[in-house]
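# Per-entry structural report
So the chains spell out like this:
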Amino acid sequence: MYEDKTLICKDCGNEFVFTAGEQEFYAEKGFENEPQRCKDCRAARKAAIRASREMHDVICADCGAPTQVPFKPKDDRPVYCSACFENHR
């Protein structure tokens, strides 16, 4: 059975708890390594990666609305806004 563990964040150096529930989730997903960052540092790192991502302006092939996508669109493939993309799934 899993027990809560106290780990040290490699970014800020603060202690954080790796709960039994989180450990079980990691095991179910097949993750072998424990987290190295606390939740705040993980969120900050994720936000920094998102902020640095280059976005491209496109027009939705279905509704004609302007939108942005995180990839360079190809001329031979349609690009959809979020709402239209969900309708095509």
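Residues numbered from 1 in each chain as written. Predicted model: local features only at pLDDT ≥ 70, side-chain atom pairs only at ≥ 80, totals over all residues. Heavy atoms only, no water.

In the nomenclature of an unreviewed UniProt entry, the chain corresponds to Zinc-ribbon domain containing protein from the organism Candidatus Aphodoplasma excrementigallinarum.

On to the UniProt feature "domain: Probable zinc-binding" (unreviewed entry) in the chain. Per the UniProt record, "domain: Probable zinc-binding" (unreviewed entry) is found at residues 3–47. Between the C-alpha atoms that bound residues 3–47 the distance is 30 Å, and the span itself is 42% helix and 18% strand. (UniProt positions renumbered as here; feature names shortened; annotations may be inferred. Helix = DSSP H or I, 4+ residues; strand = E, 2+ residues; numbered from the N terminus.)

Across all of its chains, the model carries three salt bridges by this definition. Measuring nitrogen to oxygen at the nearest pair gives 2.5 Å for the salt bridge that ties Lys5 to Glu34. One end of the pair, Lys5, is in strand β1 (residues 5–8); the other, Glu34, is in the loop between α1 (20–29) and α2 (39–52), with 29 residues separating them in the sequence. (Salt bridge = Lys/Arg side-chain N within 4 Å of Asp/Glu carboxyl O.)

The next thing to look at is the layout of surface pockets. In this model, the largest pocket occupies a volume close to 260 Å³. What lines the largest pocket is a set of 14 residues, among which Val69, Phe71, Val79, Tyr80 and Phe85 lie closest to the centre. Elements that contribute at least two residues to the lining of the largest pocket include exactly β4 (66–69) and α3 (82–88). Take the lining of the largest pocket: its biggest share by element is three residues, from β4. Taken together, the residues of the lining of the largest pocket break down into nine nonpolar, three polar and two charged. (1 Å grid on protein atoms, 1.4 Å probe; cavity = no way out; pocket = protein on both sides within 12 Å on 5 of 7 lines; lining within 4 Å. Points joined across faces, edges and corners; volume = space filled by probe spheres on them. Nonpolar A, V, L, I, M, F, W, Y, C, P; charged D, E, K, R; others polar.)

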